[in-house]
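Read off the chains here:
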Amino acid sequence: MTSARAAANYSTEELEQQWSFLDSLVERQAASLRSGVQDPEEDEPVVNVIAAPDEALLRELEALRQNARELEVLRATVLELEVLRQKVRELEPLQADVRELDSLRQRVQLLEQERGELLRRLQEAELARSEASRRPAHRSLVSRLRRHRH
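### Digging into the overall build of the protein
Each helix and strand in the protein was counted, giving five helices and zero strands. Summing over all exposed atoms, the protein offers an accessible surface of approximately 13,800 Å²; the carbon and sulfur share of this is 56%.

As structure tokens, then:
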């Protein structure tokens, strides 16, 4: 069985338990080395040749470590996605407000265009009135009198 297949047969919980066991074992051994206390079996002379670690086990251990690293990255990604989902949920009610503001902005633009047109027409009317008031009054009076004679 390859190490990838062996790693695939373990659940996340089993992998975490194995990691915990290995971590605690290493911690115990490090503590005993620091304190100078050795296990009783270490005091006995070694008669048999110590077997080298099994290559398959080493590959499996490395595969488990890689899986643990990948799981940690995935966990961080899932947390990040959940934060983003929450932000999207918070922004959804604001979308209606944005649509309403866009509608109001368009209405304001139309009103500004209408105002500009009214101002232009007012200026034209004032210009026509001022031109009419500049004409001599006697000409209009004379022309009225001539019309009444006929």
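The structure having been displayed, the exposition proceeds.
### A short note on the layout of surface pockets
Empty space within the largest pocket amounts to approximately 150 Å³. Looking at the lining of the largest pocket, the elements with two or more residues in it are helix H2 (12-35) and helix H4 (55-134).

### Let's talk about H2
An ideal rise of 1.5 Å per residue puts 34 Å on 24 residues; H2 measures up with 34 Å between its terminal C-alpha atoms. Just downstream of H2 lies Gly36, where phi reads positive at about 85°.

### Concerning the pattern of salt bridges
The final tally for this structure, using the stated rule, is seven salt bridges. Among the ionic pairs, Arg105 bridges to Asp102, the shortest N-O distance being 2.7 Å. Residue Arg105 and its partner Asp102 are both found in helix H4; the two are separated by three residues, about one turn of the helix. Classification of Asp102 as partly exposed rests on a relative accessible area of 33%. Across the salt bridge formed by Arg120 and Glu124, the nearest N and O atoms sit 2.4 Å from each other. On the criterion of helical spacing, the pair formed by Arg120 and Glu124 is a turn pair, its members being four residues apart in helix H4.

### Focus on the packing of H2 against H4
It is the contact of H2 with H4, at a shortest axis distance of 11 Å, that shows an interaxial angle of 115°. The angle between H2 and H4 places the two elements in the roughly perpendicular class. The two elements H2 and H4 meet at a crossing, and its hand is left-handed. Residues Thr12, Leu15, Gln18, Trp19 and Leu22 of H2 form the contact with H4, whose participating residues are Leu61, Leu64, Arg65, Asn67, Ala68 and Leu71. Taken together, the residues of the contact of H2 with H4 sort by class into seven nonpolar, three polar and one charged.

### What about H4?
Within an α-helix, residues lying three or four positions from one another point in the same direction, as the helix has 3.6 residues per turn. Over its 80 residues, H4 extends 111 Å from the first C-alpha to the last, a length consistent with the 118 Å expected when each residue adds 1.5 Å. Of all the bends found along H4, the most pronounced is centred on Pro93 and spans about 35°.

### Focus on empty space enclosed by the protein
The final tally for this structure, using the stated rule, is one cavity of 30 Å³ or more. In this structure, the largest cavity occupies an estimated 30 Å³ of space. Forming the walls of the largest cavity are Leu15, Gln18, Trp19, Leu22, Leu61 and Leu64. Within the lining of the largest cavity, the residues separate by chemical class into five nonpolar, one polar and no charged.

### Things to note about the confidence of the model for the protein
Looking at the protein, the pLDDT average stands at 82 and 75% of residues meet or exceed 70. Here helix H1 (residues 3-8) is the element of the protein with the lowest mean pLDDT, 52, and H4 is the one with the highest, 93.

The rules behind these values
Residues numbered from 1 in each chain as written. Predicted model: local features only at pLDDT ≥ 70, side-chain atom pairs only at ≥ 80, totals over all residues. Heavy atoms only, no water. Helix = DSSP H or I, 4+ residues; strand = E, 2+ residues; numbered from the N terminus. Areas by Shrake-Rupley, 256 points an atom, 1.4 Å probe, with all protein chains shown as cover. 1 Å grid on protein atoms, 1.4 Å probe; cavity = no way out; pocket = protein on both sides within 12 Å on 5 of 7 lines; lining within 4 Å. Points joined across faces, edges and corners; volume = space filled by probe spheres on them. Expected span 1.5 Å × (residues − 1). Salt bridge = Lys/Arg side-chain N within 4 Å of Asp/Glu carboxyl O. Buried < 20%, exposed > 50% of the residue type's maximum accessible area, 1.4 Å probe, protein only. Axes fitted to C-alpha atoms, helices over the stretch in contact; angles between N-to-C directions. Parallel < 35°, antiparallel > 145°, perpendicular 65-115°, else oblique. Left-handed = near helix turned anticlockwise from the far one by under 90°. Contact = heavy atoms within 4.5 Å. Nonpolar A, V, L, I, M, F, W, Y, C, P; charged D, E, K, R; others polar. Bend = angle between axes of the 7 residues up to and from the residue. pLDDT = per-residue confidence, 0-100.

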